[in-house]
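Listed below, chain by chain, are the residues.
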Amino acid sequence: MFDISKLKNEIEQTLEIKEDIEIPEEKLKGTEIQRLENIKVTGKISRIENYTYHITLNITGNMVLLCARSLEEVDYKLNIFIDKNIGEEETVEE
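Nothing here was measured: the structure is a model prediction, and the numbers come from that model.

A. Focus on the nonpolar core. Ranked by internal contacts, the top residues of the largest apolar core, which has 15 residues, are Leu-36 and Ile-45. Listed by contribution, the elements that provide at least two residues to this core are β1 (14-21), β2 (33-49), β3 (52-66) and β4 (73-87). It is β3 that provides the largest number of residues to this core, a total of five residues.

B. Representation of the pairing of β4 in the model. Summarising the sheet, β3 and β4 pair through 15 bridges and their orientation is antiparallel. By the bridge assignment for β4, Ile-55 is matched with Lys-84. Following β3, the chain reverses through six residues before pairing antiparallel with β4; Leu-71 in that reversal takes a positive phi of roughly 60°.

C. Fine view of the environment of Ile-80. For Ile-80, the location among the structural elements is in strand β4. Residue class for Ile-80 comes out partly exposed when judged on its relative accessible area of 38%. Separated by 21 residues in the primary sequence, Ile-80 and Ile-59 have C-alpha atoms spaced 5.0 Å apart.

D. Quick look at the pattern of salt bridges. With the rule as written, the count across this model stands at three salt bridges. Close ionic contact of Lys-40 with Asp-20 constitutes a salt bridge, the shortest N to O distance being 3.3 Å. Of this pair, Lys-40 sits in strand β2 while Asp-20 sits in strand β1, and the two are 20 residues apart along the sequence. Look at Lys-40 and you get partly exposed, because its relative accessible area is 39%. Residues Arg-35 and Glu-37 are paired through a salt bridge, measuring 3.0 Å at the closest nitrogen-oxygen approach.

E. Molecular detail of the pairing of β3. With 13 bridges joining them, β2 and β3 adopt antiparallel strand pairing. Within the sheet, the bridge partner assigned to Ile-33 lies in β3 and is Leu-65. Counting the residues that bridge the hairpin from β2 to β3 gives two residues.

F. Quick look at the environment of Val-64. You can see Val-64 is positioned in strand β3. In this structure the C-alpha to C-alpha distance between Val-64 and Leu-36, which are 28 residues apart in sequence, comes to 6.3 Å. Among residues more than four places away in sequence, those in contact with Val-64 are Glu-32, Ile-33, Gln-34, Arg-35, Glu-37, Glu-73, Val-74 and Asp-75.

G. Representation of unusual backbone geometry in the model. With a phi close to 50°, Asn-38 is a non-glycine residue in the positive phi region. Structurally, Asn-38 can be placed in strand β2. Despite not being glycine, Leu-71 has its phi angle at roughly 60°, a positive value. Among the structural elements, Leu-71 can be located in the loop between β3 and β4. Leu-71 gets classed as exposed once you look at its relative accessible area, which sits at 61%.

Definitions and limits used
- Residues numbered from 1 in each chain as written.
- Predicted model: local features only at pLDDT ≥ 70, side-chain atom pairs only at ≥ 80, totals over all residues.
- Heavy atoms only, no water.
- Core = buried A, V, L, I, M, F, W, Y, C linked by side-chain atoms within 4.5 Å.
- Buried < 20%, exposed > 50% of the residue type's maximum accessible area, 1.4 Å probe, protein only.
- Helix = DSSP H or I, 4+ residues; strand = E, 2+ residues; numbered from the N terminus.
- Pairing = 2+ DSSP bridges.
- Salt bridge = Lys/Arg side-chain N within 4 Å of Asp/Glu carboxyl O.
- Contact = heavy atoms within 4.5 Å.

Following this line, the structure appears as structure tokens:
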């Protein structure tokens, strides 16, 4: 993952993000998602002021679900864009 300590300590003003994410299938147990494939996260985090950051992220990849009728696997393309200001006291869960 990435370390925002450089932003907190004002060493950097912006942190570029380019990550390939692997999510183990056991993390998806109890959900309707069978697999997440080729998950890529790109974007940046910028420090706006004391403890406020601006995040822009693009998350792409493939989600594999089961069809409710045939129970066959169905691919669902992901393309999620996030553009948000958050404070350090907030938690971001995906």
